[in-house]
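# Understanding the architecture of this molecule
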Amino acid sequence: KHVLVDYGGEKFLRGKVAARRGEKDGAVAVLDLDGNIVARIPTGGHPESLQLEQTGNRIFINSPDNHYVVVADLDTNKVLAHWNTPACENYPMALDEAHHRIFVFCRNLPSRVSVVDTGSGKQVATIPATAQSTSDDIYYDASKSRLYVLSSMQPVPGEPGVIDVIQQRDPDHYEKIATYPTGPVGRDGLFVPELGKLFVSTPRQPTGQGGEYLVYETK
């Protein structure tokens, strides 16, 4: 019965401050259902994706400014650890709780997914993504043991995006099995496992092409 909102801090893109220069107060605010802030979990910089355990009490928060993942306890709202992600601009993240793995997309080149053991905090594998891709959203499909990585191409704006489909062979071994085209800057979306559908949004383009929601069925 809480709402979690990540906010604040400087925002770094490709190694440079892009917004909110000078602010170092990045955190996850814990709100009750009346909107009152009951706690803050400090992240030491601009926070990005966060993932929650369903059977445990931990939250994992990407802090790309610092190249680490913040691990906190939602029972106490205290930080437990900082897991380093060296040479990785760690923005989107997905969780495979059953196999104790988080998946962190590294935006800096070469584009890749880092697989981290949630017991030890150590990287156990890296998975090459489509070259020159940059992702905002990554999802784990537990029913098929697959990752869906939603990306656009960098540094050219307006280029068609892609979905990389990565198959989990076991918790330490992965293989990219398919890549599907989407639309311009199609790197944001939502996976709804109950429907077996992946929704990808593409924004309106300077050429006048309108924005769209693209719907994909998982197979």
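Owing to the predicted nature of the structure, the values given are computational and were not obtained by experimental measurement.

Here the focus is a nonpolar patch on the surface. Together, Val 3, Val 5 and Leu 33 line one region of the surface with nonpolar side chains, adding up to about 250 Å² of accessible area. Note that Leu 33 resides in the loop between strand E4 (27-31) and strand E5 (37-42).

With that settled, consider the environment of Lys 197. Among the secondary structure elements, Lys 197 is positioned in strand E19 (residues 197-202). Along the primary structure Lys 197 and Pro 64 are separated by 133 residues, whereas in three dimensions their C-alpha atoms are 29 Å apart. A distance of 3.2 Å separates a polar atom in the side chain of Lys 197 from a polar atom in the side chain of Glu 217.

It is worth spelling out the pattern of salt bridges at this point. Using the criterion set out here, one finds seven salt bridges in the structure. Put simply, Asp 136 and Arg 107 hold a salt bridge, and the shortest N to O gap is 2.0 Å. In this pair, Asp 136 sits in strand E14 (residues 133-141) while Arg 107 sits in the loop between strand E11 (101-106) and strand E12 (112-117), placing the two residues 29 residues apart along the sequence. On the basis of relative accessible area, Arg 107 is assigned to the buried category, the value being 10%. The salt bridge partner of Glu 217 is Lys 197, with a shortest N-O separation of 3.2 Å. Taken together, the residues span a long stretch of sequence, with Glu 217 in strand E20 (residues 212-217) and Lys 197 in strand E19 at a distance of 20 residues. Given a relative accessible area of 23%, Lys 197 falls into the partly exposed group. Taken together, the shared-partner salt bridges in this structure form one network comprising Arg 101, Asp 117 and Asp 172.

Within the fold, Asp 96 resides in strand E10 (residues 90-96). What makes Asp 96 buried here is its relative accessible area of 2%. Distance from Asp 96 to Thr 118, taken between C-alpha atoms, is 9.3 Å for residues 22 residues apart in sequence. Those residues in contact with Asp 96, other than ones at most four positions away along the chain, are Arg 101, Phe 103, Tyr 140 and Gln 168. Within the structure, Asp 96 has its side chain in polar contact with the side chain of Tyr 140 (distance 3.3 Å).

With that out of the way, let us pick up the packing of aromatic side chains. Overall, the coordinates contain five aromatic pairs when judged by the stated rule. Judged by centre distance (5.7 Å) and plane angle (80°), the rings of Phe 103 and Tyr 174 are edge-to-face. Placement of Phe 103 in strand E11 and of Tyr 174 in strand E17 (residues 173-184) is noted, with a sequence separation of 71 residues between them. For Tyr 174, a relative accessible area of 15% puts it in the buried group.

A word on the sheet that holds strand E1 (residues 3-7). Strand order across the open sheet formed by three strands is E1-E4-E5, with antiparallel pairing between neighbours. Lying at the two open borders of the sheet, with one neighbouring strand each, are E1 and E5. Here the strands of the sheet are splayed against their neighbours by 20° on average, with no regard to which way each runs. When E1 meets E4, the two strands line up antiparallel, connected through five bridges. The residue bridging Val 5 from the neighbouring strand is Ala 29, located in E4.

Take Asp 73: it is sitting in strand E8 (residues 68-73). The buried charged residue Asp 73 lacks any salt bridge partner; its closest oppositely charged side chain belongs to Arg 58, at an N-O distance of 8.2 Å. Of the polar contacts made by the side chain of Asp 73, one reaches the side chain of Asn 57; its length is 3.3 Å. One polar contact links the side chain of Asp 73 to the main-chain amide nitrogen of Asp 75, over a distance of 2.7 Å.

Time to look at the sheet that holds strand E9 (residues 78-84). Pairing within the open sheet is antiparallel, and its four strands lie in the order E6-E7-E8-E9. In this open sheet, the two edge strands, each paired with only one partner strand, are strand E6 (50-52) and E9. Direction aside, neighbouring strands of the sheet carry axes that sit 20° apart on average. In this structure, E8 lies alongside E9, joined through six bridges in antiparallel fashion. Bridge pairing in E9 places Ala 72 opposite Val 79.

The rules we used
- Residues numbered from 1 in each chain as written.
- Predicted model: local features only at pLDDT ≥ 70, side-chain atom pairs only at ≥ 80, totals over all residues.
- Heavy atoms only, no water.
- Patch = residues over 30% accessible without salt bridge, like charges linked within 9 Å, V, L, I, M, F, W, Y side chains within 5 Å.
- Areas by Shrake-Rupley, 256 points an atom, 1.4 Å probe, with all protein chains shown as cover.
- Salt bridge = Lys/Arg side-chain N within 4 Å of Asp/Glu carboxyl O.
- Helix = DSSP H or I, 4+ residues; strand = E, 2+ residues; numbered from the N terminus.
- Polar contact = N/O pair within 3.5 Å; in protein donor to acceptor, adjacent residues only side chain to side chain.
- Buried < 20%, exposed > 50% of the residue type's maximum accessible area, 1.4 Å probe, protein only.
- Contact = heavy atoms within 4.5 Å.
- Phe/Tyr/Trp six-rings, centres within 6.5 Å; stacked < 30°, edge-to-face > 60°.
- Pairing = 2+ DSSP bridges.
- Axes fitted to C-alpha atoms, helices over the stretch in contact; angles between N-to-C directions.
- Lys, Arg positive; Asp, Glu negative; His and termini not counted.

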